[in-house]
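Listed below are the residues making up each chain.
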Amino acid sequence: MTDFTANNTFVIAGIVFITIAVIGQSKLGFIEINPGFFGRFLALIIGVSSLLYAVGLLNFSIGTLDSLRTYLPELIQQSVSSINEILQGS
């Protein structure tokens, strides 16, 4: 888990919690997820706040639109490579 930043942690947590909030009752392998109304609402609040916090952690020192076009693909590539490292390490 090298080069795993707090931003990636909050993005992954936000996606997981929003997925729980949207799907609700489901069976995931041998684990059954049934959060109920309050659990789904809490998961939605935690997921949205995690994603907003991750957006707040981004460094917005991007100057021009051209640098934004090069910055976003690099950020996506780094995120995908770190997720692949985590999945292959498990």
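The structure we're discussing is the one just above.
Everything numeric in this text was worked out from a predicted model, so none of it was measured.

(A) Quick look at the overall build of the protein chain. Scanning the protein chain from terminus to terminus reveals three helices and two strands. When its helices and strands are written in sequence order, the protein chain yields α-β-β-α-α. Burial statistics for the protein chain: of 90 residues in total, 11% are counted as buried. A total of about 6,900 Å² of accessible surface is found on the protein chain, and carbon and sulfur atoms cover 68% of it.

(B) Here's a closer look at the packing of aromatic side chains. Inspection of every chain in the model, using the stated rule, returns two aromatic pairs. Seen in terms of ring centroids, Phe-10 and Tyr-53 are 4.7 Å apart; in terms of plane orientation they differ by 70°. Their pairing is edge-to-face. Taken together, the positions of Phe-10 in helix H1 (residues 6-23) and Tyr-53 in helix H2 (residues 36-57) put the pair 43 residues apart, joining distant regions of the chain. For the ring pair Phe-37 and Phe-41, a centre distance of 6.4 Å and an interplane angle of 15° mean the geometry is stacked. Taken together, the residues span about one helical turn, with Phe-37 and Phe-41 both in helix H2 at a distance of four residues. Phe-41 gets classed as partly exposed once you look at its relative accessible area, which sits at 45%.

(C) Inspection of H1 at higher detail. Here H1 is 18 residues long and its end C-alpha atoms lie 26 Å apart, about the 26 Å a rise of 1.5 Å per residue gives. Listed in full, the buried residues belonging to H1 are Asn-7, Asn-8, Gly-14 and Ala-21. One face of H1 carries all of its buried residues, which in axial projection span an arc of 160°. Looking one or two places after H1, you find Gly-24, whose phi comes out positive at around 75°.

(D) Focus on the side chain of Ser-50. Mapped onto the elements of the fold, Ser-50 is located in helix H2. The exposure class assigned to Ser-50 is buried, which follows from its relative accessible area of 9%. In this view, Ser-50 contacts Phe-10, Ala-13 and Gly-14; residues no more than four positions away in its chain are not counted.

(E) Here's a closer look at the environment of Asn-7. Here Asn-7 is to be found in helix H1. Separated by 72 residues in sequence, Asn-7 and Ser-79 have C-alpha atoms that sit 9.9 Å apart.

(F) Local environment of a nonpolar patch on the surface. Judged by side-chain polarity, Phe-37, Phe-38, Phe-41, Leu-42, Leu-44, Ile-45, Val-48 and Leu-52 come together as a nonpolar surface patch covering roughly 850 Å² of accessible area. Assignment of secondary structure puts Leu-52 in helix H2. A relative accessible area of 59% means that Leu-52 is categorised as exposed.

Definitions and limits used
Residues numbered from 1 in each chain as written. Predicted model: local features only at pLDDT ≥ 70, side-chain atom pairs only at ≥ 80, totals over all residues. Heavy atoms only, no water. Helix = DSSP H or I, 4+ residues; strand = E, 2+ residues; numbered from the N terminus. Buried < 20%, exposed > 50% of the residue type's maximum accessible area, 1.4 Å probe, protein only. Areas by Shrake-Rupley, 256 points an atom, 1.4 Å probe, with all protein chains shown as cover. Phe/Tyr/Trp six-rings, centres within 6.5 Å; stacked < 30°, edge-to-face > 60°. Expected span 1.5 Å × (residues − 1). Arc of directions from axis to C-beta. Contact = heavy atoms within 4.5 Å. Patch = residues over 30% accessible without salt bridge, like charges linked within 9 Å, V, L, I, M, F, W, Y side chains within 5 Å. Salt bridge = Lys/Arg side-chain N within 4 Å of Asp/Glu carboxyl O.

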